[in-house]
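One-letter residues, chain by chain:
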Amino acid sequence: MAAAQITSLSFSVQPIMFHSASPVAGNGGRRGRPNAFFCPWAPVICHGRRGATSRALSDNCDFQNLLSVQHQEGLTGVQALFLRHPKSSSGMMTIVDHLKHLCIDQYFQDEISNVVDSCMDLTHSDNLLDVTLSMRLMREAGYHVSADEVLQKFADGNGDFSLAHSQDIRGLLSLHDVSHLNMGEASLYKAKEYSGKHLRSTLKYLEPKLARYVRQSLDHPYHVSLMQYKARHHLSYLQSLPTRNTAIEKLAVAEFQINKFQHQREMQEVNRWWMDLGLAKEIPAARDQVVKWYMWPMTILEGYSFSKYRIATTKIISMVYIVDDIFDLVATQEELSLFNEAIIMWNLEAADSLPSYMISCYKALYNITNDIADMSMKEHGLNSINHLKKAWATLFDGFMIEAKWLSGNQVPTREDYLRNGIITSGAPLLFMHLLFMLGHDLTEENNDHMSRIISCPAKIMRLWDDMGSAKDEAQEGLDGSYKELYLKESPHSDAEGHMLEMIAGEWECLNRECFSRTRSSLSPTFIRASLNFARMVSVMYGYDHEHRLPVLEDYTRMLLF
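As the structure is a prediction and not an experimental result, all values here were calculated from the model.

Caption draft 1: Seen up close, the overall build of the protein chain. Across its full length, the protein chain holds 23 helices and one strand. Burial statistics for the protein chain: of 561 residues in total, 59% are counted as buried. Across the protein chain, contacts joining residues at least 24 apart in sequence account for 74% of those joining residues at least 6 apart. By element, 50% of the accessible surface of the protein chain is carried by carbon and sulfur atoms, the whole surface being about 23300 Å².

So, in structure tokens, the structure goes:
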């Protein structure tokens with residue numbers, strides 16, 4: 001890899017075919033799914049290619065040293081920017097905004113906190129950009145800021161946004177950004193509609209590079225989209241401006257390449273573990289999609305220090321997928337009952353009663369979970385195994401309920417289906433493991449808050465899955481979906497419109513849970529993991545008219561290959 005490659009973000013890659021998409025825990029009983037994922041064109045070990053290595057993982061010391069130098073130069077240069085500007089200036093807010101959009105803000109938390117602490121004065125400005133940007137930064141930091149009060153100055157006599165701001169492109173972009181941090185405020189509903197309408201109407205008049213950036217902002221709104229994915233587009237936009245900040249650009253590009261190296265190393269380790277496990281051969285009907293499984297923790301947990309947690313989380317996710325496929329595609333009702341009983345017993349002797357194809361899966365699930373429990377005890381002094389065992393038992397109960405619905409030709413109500421579907425999404429189990437890996441414990445104080453911060457992204461995922469999975473999985477809806485059940489009860493209604501409204505409501509609830517300084521006893525890392533999970537959902541189910549997943553394909557190429 002030549003050193004010149006780090007000077008810009010260019011991505012010349014082969015197309016990648018995605019054959020299937022599923023939630024973290026599968027799709028609650030879909031049948032007829034292809035088993036293959038894809039074999040990447042170059043870097044990471046592929047199925048059946050144990051000896052292949054990545055060009056990015058070669059011992060190119062000169063290149064890696066250059067990356068380290070450029071990263072440090074970028075850090076030093078950005079630090080100088082904070083000393084050069086008054087912390088309460090709109091220019092300083094813009095710098096903070098760029099750092100957040102480029103996912104390099106974690107290096108400057110103290111400096112950013114000082115800037116955000118001074119933002120309140122700018123919410124009284126008459127400048128749309130200053131007001132909306134300061135409001136967004138404050139809300140992200142946990143400040144209570146009333147959108148209805150702050151934005152009323154931009155309204156006309158009817159309470160709608162004034163047309164006087166309809167040509168302010170930067171202000172409209174910022175207004176559109178903050179509108180997605182809605183917690184149920186009327187002004188932000190109007191802000192989203194107003195900004196979207198006028199940004200779309202100006203597209204054909206804008207300079208091409210700006211028009212491309214505006215279109216990308218509309219298609220992938222800030223806050224509800226993957227920050228790592230949007231970072232590339234934001235950097236391309238900054239590089240197109242006549243006035244550029246080389247320190248920010250240098251740090252962003254070096255950070256991007258360092259993260260890619262880290263992800264490739266982790267993917268190599270995960271792939272080696274998966275091949276050694278041999279479940280793909282023992283259970284041919286089950287999915288063999290290790291790259292996709294890794295995409296979830298790669299997105300959820302950001303930063304070098306969480307490397308082993310990303311690897312451990314990928315293993316948990318892989319087990320949930322395999323268990324889901326055993327329930328859906330392989331086992332008889334009697335075998336499922338034995339499997340469920342073995343999970344409740346939680347010891348290796350319980351595997352003796354299982355069919356041979358289940359034994360390796362049970363042992364792998366048992367060992368991985370106990371390894372994570374040992375990790376939480378060693379690192380945080382937390383005895384988590386009983387909670388983790390219960391989480392698996394709850395997931396199995398959810399799968400058993402779906403299996404009984406299917407075998408008995410029962411049609412649940414949509415409410416019962418969704419309640420159980422949140423469990424079988426696998427999100428609650430995943431977050432329970434993550435909770436203890438990050439050093440949290442379950443307490444009466446945080447239980448309700450934690451339940452909501454997990455159930456919101458889980459429900460978002462279940463609803464998105466049930467809107468789009470049939471397009472890709474060729475399934476016949478044998479065990480139902482929320483959309484199918486809604487149409488049975490309301491045959492002439494707009495099911496997808498109703499589900500999108502429900503998803504928007506869950507985002508509002510998640511925003512309330514995530515952006516309150518006083519309410520949460522959970523770490524910023526756990527809260528961000530919940531947000532990132534919800535953001536990943538639309539990428540996993542963002543089908544186009546050709547039943548492809550273009551954003552997921554692009555995202556995977558960009559961050560991993």
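Caption draft 2: Focus on the packing of aromatic side chains. Across all of its chains, the model carries 20 aromatic pairs by this definition. For the ring pair Tyr107 and Phe108, a centre distance of 6.3 Å and an interplane angle of 70° mean the geometry is edge-to-face. One aromatic cluster in this structure is built from Phe327, Phe339, Trp392, Phe396 and Phe399. Sitting above the plane of the Tyr222 ring, Arg136 keeps its charged end 4.1 Å from the centroid.

Caption draft 3: Spotlight on helix 7 (residues 186-202). Given a rise of 1.5 Å per residue, 17 residues ought to cover 24 Å, and the 25 Å separating the end C-alpha atoms of helix 7 matches this to within 8%. Within the sequence span of helix 7, burial applies to Ser187, Leu188, Ala191, Tyr194, Ser195, Gly196, His198, Leu199 and Thr202. Those residues of helix 7 hidden inside the fold are in contact with helix 4 (128-140), helix 5 (147-151), helix 6 (169-179) and helix 8 (208-219).

Caption draft 4: Seen up close, helix 12 (residues 290-300). For helix 12, a buried count of eleven out of eleven residues is recorded, marking the element as mostly surrounded by other parts of the structure. Residues of helix 12 that are buried include every one of Val290, Val291, Lys292, Trp293, Tyr294, Met295, Trp296, Pro297, Met298, Thr299 and Ile300, and no others.

Caption draft 5: Here's a closer look at the side chain of Ser376. In this fold, Ser376 is placed in helix 15 (residues 356-380). In this structure Ser376 comes out as buried when scored by relative accessible area, which is 1%. Discounting chain neighbours no more than four positions away, the residues touching Ser376 are Gly381, Leu382, Ser384 and Phe436.

Caption draft 6: Just the nonpolar core, in detail. Judged by nonpolar contacts, the single largest core of 121 residues is most densely connected at Trp296, Ile326, Phe339, Trp392 and Phe526. In terms of residue count, helix 13 (residues 307-330) provides more of this core than any other element does, twelve residues in total. Filtering out sequence-adjacent residues up to four positions away, Phe339 remains in contact with Val323, Ile326, Phe327, Leu354, Met358, Cys361, Tyr362 and Phe396. If you look at the next biggest cluster of nonpolar residues, it comprises 52 residues, including Leu137, Met138, Val145 and Val150.

Caption draft 7: Quick look at the pattern of salt bridges. Under the defined criterion, the tally for this structure stands at 25 salt bridges. Two residues, Arg136 and Glu140, come together in a salt bridge whose shortest N-O distance is 3.1 Å. Of this pair, Arg136 and Glu140 both sit in helix 4, four residues apart, roughly one helical turn. Note on Glu140: relative accessible area 19%, which makes it buried. Between Glu496 and Lys483 there is a salt bridge, with its nearest N and O atoms 2.8 Å apart. With a gap of 13 residues between them, Glu496 in helix 21 (residues 495-514) and Lys483 in helix 20 (residues 482-489) connect regions that are remote in the sequence.

Caption draft 8: Looking closely at the environment of Met183. Looking at the secondary structure, you find Met183 in the loop between helix 6 and helix 7. Under the relative-accessibility criterion, Met183 is labelled partly exposed at 22%. Each C-alpha atom of the pair Met183 and Ala504 lies 10.0 Å from the other, and the pair is 321 residues apart in sequence. Sequence-distant contacts of Met183, defined by excluding residues within four places in its chain, comprise Arg139, Glu508, Asn511, Arg512 and Phe515.

Caption draft 9: Molecular detail of the packing of helix 10 (residues 246-277) against helix 12. Running from N to C, helix 10 and helix 12 point in directions that differ by 135°, and their axes come no closer than 10 Å. Considered as vectors, helix 10 and helix 12 are oriented oblique to each other. Crossing of helix 10 over helix 12 shows right-handed handedness. Where helix 10 abuts helix 12, its residues His263, Glu266, Met267, Val270, Asn271 and Trp274 lie against Val290, Val291, Trp293, Tyr294 and Met298. Its residues placed into classes, the contact of helix 10 with helix 12 shows eight nonpolar, two polar and one charged.

Caption draft 10: Representation of the confidence of the model for the protein chain in the model. For the protein chain, the average pLDDT comes to 85, and 85% of its residues sit at 70 or higher. Per-element confidence in the protein chain is highest for helix 6, whose mean pLDDT is 97, and lowest for strand 1 (residues 24-27), whose mean pLDDT is 42. Low pLDDT, under 50, characterises residues 1-59; the predicted model gives this stretch 190 contacts beyond four residues in sequence or across chains. Counting interchain partners and residues more than four positions distant, the pLDDT-below-50 stretch residues 470-478 has 24 contacts.

Caption draft 11: Inspection of the environment of Ile401 at higher detail. Locating Ile401 in the fold gives a position in helix 16 (residues 385-407). Between the C-alpha atoms of Ile401 and Thr424, which are 23 residues apart in sequence, the distance is 9.8 Å.

Caption draft 12: Summary view of the packing of helix 14 (residues 333-345) against helix 15. Running from amino to carboxyl end, helix 14 crosses helix 15 at an angle of 25°, the nearest separation of the two axes being 12 Å. The orientation of helix 14 with respect to helix 15, classified from their angle, is roughly parallel. In the crossing of helix 14 with helix 15, the sense of the turn from one axis to the other is right-handed. Contact residues: helix 14 offers Glu335, Leu336, Phe339, Ala342 and Ile343, while helix 15 offers Tyr357, Met358, Cys361, Tyr362 and Leu365. Here the contact of helix 14 with helix 15 is composed, by residue class, of nine nonpolar, no polar and one charged.

Caption draft 13: Main features of unusual backbone geometry. One non-glycine residue, Asn409, adopts positive backbone phi at about 55°. Its place among the elements puts Asn409 in the loop between helix 16 and helix 17 (414-424). One non-glycine residue, His547, adopts positive backbone phi at about 65°.

Caption draft 14: Spotlight on the environment of Thr369. Mapping Thr369 onto the fold places it in helix 15. Assessed through its relative accessible area of 0%, Thr369 is described here as buried. Residues Thr369 and Thr313 lie 56 residues apart in sequence; the distance between their C-alpha atoms is 9.9 Å. Beyond its immediate stretch of four places on either side in the chain, Thr369 contacts Ile316, Trp346, Ile385, Leu388, Trp392 and His433. There is a polar contact of 2.9 Å between the side chain of Thr369 and the backbone oxygen of Leu365.

Analysis parameters
Residues numbered from 1 in each chain as written. Predicted model: local features only at pLDDT ≥ 70, side-chain atom pairs only at ≥ 80, totals over all residues. Heavy atoms only, no water. Helix = DSSP H or I, 4+ residues; strand = E, 2+ residues; numbered from the N terminus. Buried < 20%, exposed > 50% of the residue type's maximum accessible area, 1.4 Å probe, protein only. Contact = heavy atoms within 4.5 Å. Areas by Shrake-Rupley, 256 points an atom, 1.4 Å probe, with all protein chains shown as cover. Phe/Tyr/Trp six-rings, centres within 6.5 Å; stacked < 30°, edge-to-face > 60°. Lys NZ or Arg CZ within 6 Å of the ring centre and 35° of its normal. Expected span 1.5 Å × (residues − 1). Core = buried A, V, L, I, M, F, W, Y, C linked by side-chain atoms within 4.5 Å. Salt bridge = Lys/Arg side-chain N within 4 Å of Asp/Glu carboxyl O. Axes fitted to C-alpha atoms, helices over the stretch in contact; angles between N-to-C directions. Parallel < 35°, antiparallel > 145°, perpendicular 65-115°, else oblique. Left-handed = near helix turned anticlockwise from the far one by under 90°. Nonpolar A, V, L, I, M, F, W, Y, C, P; charged D, E, K, R; others polar. pLDDT = per-residue confidence, 0-100. Polar contact = N/O pair within 3.5 Å; in protein donor to acceptor, adjacent residues only side chain to side chain.

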